[in-house]
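Okay, here's what each chain looks like letter by letter:
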Amino acid sequence: MPQRALDKQTLQALEQWRKERHQAPETAGNEADTADAFAAWVRDCGATSVLTGLGGHGVLACFDSGQAGPNWLFRAELDALPIPEGPDAKERPHRSQREGAAHLCGHDGHLSILAGLGRLLQNTPPAKGRVFLLAQPAEETGQGARAVMTDPQWPFQATRTTAVAAAAGLKAPDGEQGDHASKSDAPFGTLDACIAIHNLPELPLGHVWCREDSATAAVSSLAMHWKGYTAHAAEPENGRNPAFAVQAALQEAARMEQRDPEQSDFLLAVPVQAKLAVDPERFAEPAYGTAAGSAALHLTFRAWTQKRLEAAMDAFEAEAEEQAEQHELALDMERVEAFAACRNAPALVRRVTEAAIALDMSLLDARRPFRWGEDFGLFTQAQDGVLIGLGAGETCPPLHHPEYDFPDALMPVALALYAKLLEQAGL
Ligand SMILES: [Zn+2]
């Protein structure tokens, strides 16, 4: 089978499409226009079926060969960030036209790669099995993967359910967990491979990063709220000031960290916000005569493995409960914005490595996972998957930097890699 490739004109159209997405960024949960544009694009590519409204604004396009064979899914993200673009963007004709939002993580580029793959599949449909293109919403908040996979419309059954997947509400295979969906609820059966790309600024353009097992960190945040009661500042002993419990929590967070990323027990417990007040609803104006009666603290935890993260957070929460009890405070804790660790399937990592070598692409040092969370991790917890990193160029500003802009030169590189993967799998 000849390698699929796009002609120059189609690539230019794809770059133009990417710039249009960049001009009209939509933040997590608000991706209606971006989703519409992608659905229209894949319909134009002759997708066999297109599901919309998955887990919010998710779009799933299917290219069905009509022959028996594996189900492969390629996934990209729809959402932009709630960050304004920096002053350099003013020079760019395709700068963001929506105030306070911008594609500073390159999701416009990832989505365009997926759109390009649609064109490749239009020109050369899969020879067997099915190829799915998933445009996933709300990646930045860690909610999209879960929303998509727990949507009643999601046409697949998980092949396994790890603890983290079960906690996210994913249905286990073989009816292990509660109200498991029967086979009839999964018209396409199971997924044999889930594949995603993330661009990597500051690394050479088009160089490939791929490692077995942990690819991105397990990340979860904790929202803590203490309720005591106020007292005159002259008589603090008459109140229940949560300051002591907040202090203990901050100390415990710092104590439990293992900041050396070379260590397998690497752990960060980073305070992101703290409030201490008479009343958490009215903390803007300090009341100097009154001792605080309530507090809130927000922390973000990350570790190389799910297990390490869970154990550390369990221990941290137990300690906080004990402190609250000692200081006679009510304590409410909630885990939020969880990103499951991405576990790259070894067989898929081998395929990516072989494809990269066949294309003469350089492989980057991938000894350590990335510290950021990526909610594609949840896909890899429920079935075999691989997250591929692609260098975005040494001069490309970092992800989420106000001056970041996805390098269009990466699109043909990513498409060549995807095409090679499909070719090698006989799809
Ligand atoms: Zn991203």
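The model shown is predicted, which means the values in this text are computed figures rather than measured ones. Counting starts from 1 at the beginning of each chain's written sequence and moves along it residue by residue. Local features in this predicted model are restricted to residues of pLDDT 70 or higher, and side-chain atom pairs are both shown and tallied only at a pLDDT of 80 or more, whereas totals for entire chains, interfaces and linings draw on every residue.

Colleague: Can you break down the sheet that holds strand S1 (residues 49-54) residue by residue, with the values?
Modeller: Think of it this way: DSSP has to see at least two bridges between two strands before they count as a pair. Helix and strand labels come from DSSP, where a helix needs a run of H or I of at least four residues and a strand needs a run of E of at least two; each type is numbered from the N terminus. Across the sheet, seven strands lie side by side as S1-S2-S4-S3-S5-S15-S6; this open sheet has mixed pairing. Strands at the two margins of the open sheet, each flanked by one partner only, are S1 and strand S6 (208-209).

Colleague: Requested: an account of the environment of serine 220, with residues and values cited.
Modeller: For serine 220, the position within the fold is in strand S8 (residues 218-227). C-alpha of serine 220 to C-alpha of glutamate 328: the two residues are 108 residues apart in sequence and 27 Å apart in space. Discounting chain neighbours no more than four positions away, the residues touching serine 220 are Phe301, Leu309, Met313, Arg335 and Ala338. Placing C-beta atoms from the backbone, we regard two residues as in contact once those atoms come within 7 Å.

Colleague: Requested: an account of the environment of valine 42, with residues and values cited.
Modeller: The residue valine 42 is located in helix H2 (residues 32-44) in this model. Spatially, the C-alpha atoms of valine 42 and leucine 417 are 20 Å apart, while their sequence positions differ by 375 residues. The contacts of valine 42, once residues within four sequence positions are left out, are Ala47, Val50, Ala61, Gly118 and Leu133.

Colleague: Run through the domain arrangement of the chain, naming residues and quoting values.
Modeller: Each assigned domain of the chain is listed here: domain 1 (8-216 + 341-424) and domain 2 (218-338). If you average the C-alpha positions of domain 1 and of domain 2, the two centres end up 35 Å apart. Residues belonging to the side of domain 1 that touches domain 2 are distributed by class as follows: three nonpolar, four polar and two charged. Bear in mind that the domain bounds are from an automatic or database domain assignment. The residue classification treats Ala, Val, Leu, Ile, Met, Phe, Trp, Tyr, Cys and Pro as nonpolar and Asp, Glu, Lys and Arg as charged. All others, Gly included, are polar.

Colleague: So what about the sheet that holds strand S13 (residues 330-339)? Which residues, and what values?
Modeller: Strand order in the open sheet formed by four strands is S10-S12-S8-S13, and the pairing between neighbours is antiparallel. Across the chains shown, the open sheet's two edge strands, defined by having one partner strand only, are strand S10 (267-277) and S13. The average angle at which neighbouring strand axes cross in this sheet is 15°, direction not considered. Axes here mean lines fitted to C-alpha atoms, for a helix over just the part in contact, with angles spanning 0 to 180 degrees between N-to-C directions. Running at roughly 165° to S10, helix H6 (residues 243-256) makes contact with S8, S10 and strand S12 (294-303) of the sheet.

Colleague: So what's going on with the packing of helix H3 (residues 107-123) against helix H10 (residues 410-424)? Residues and values would help.
Modeller: Close contact between H3 and H10 brings their axes to 9 Å; oriented N to C, the two are set at 50°. Viewed along their axes, H3 and H10 adopt a mutual orientation that is oblique. In this structure, the crossing between H3 and H10 has a hand that is right-handed. Where H3 abuts H10, its residues Gly109, Ser112, Ile113, Gly116, Leu117 and Leu120 lie against Leu410, Met411, Ala414, Leu415, Tyr418 and Ala419. A per-class count over the contact of H3 with H10 returns nine nonpolar, three polar and no charged. Just so you know how the angles are binned, under 35 degrees is roughly parallel, over 145 roughly antiparallel, 65 to 115 roughly perpendicular, and the rest oblique. Helix crossings are classified by the rotation of the near helix relative to the far one: an anticlockwise turn of less than a right angle makes the crossing left-handed, while a clockwise turn makes it right-handed.

Colleague: Any chance you could break down H3 for me, citing the residues and the numbers?
Modeller: With 17 residues, H3 extends 24 Å from end C-alpha to end C-alpha; this agrees with the ideal 24 Å at 1.5 Å per step. With C-beta atoms placed from the backbone, a residue is buried if 20 or more other C-beta atoms are within 10 Å of its own, exposed if 12 or fewer are, and partly exposed between those counts. Burial of H3 is extensive: 15 of the 17 residues sit out of reach of the surface. Helix span is expected to be 1.5 Å times the residue number reduced by one.

Colleague: Let's hear about the environment of lysine 8: which residues, and what values?
Modeller: Its location among the elements puts lysine 8 in helix H1 (residues 8-23). For lysine 8, a count of 8 C-beta atoms within 10 Å gives the class exposed. A C-alpha to C-alpha distance of 9.9 Å links lysine 8 and proline 412, two positions 404 residues apart in sequence.

Colleague: So what's going on with the pairing of S8? Residues and values would help.
Modeller: Burial analysis of S8 places seven of its 10 residues in the buried class, the great majority of the element. Bridge count for S8 against S12 is 10 bridges, and the pairing is antiparallel. Looking at S12, one finds that alanine 223 is bridged to histidine 298. In this structure, S8 lies alongside S13, joined through eight bridges in antiparallel fashion. Across the sheet, residue methionine 224 finds its bridge partner in S13, namely methionine 333.

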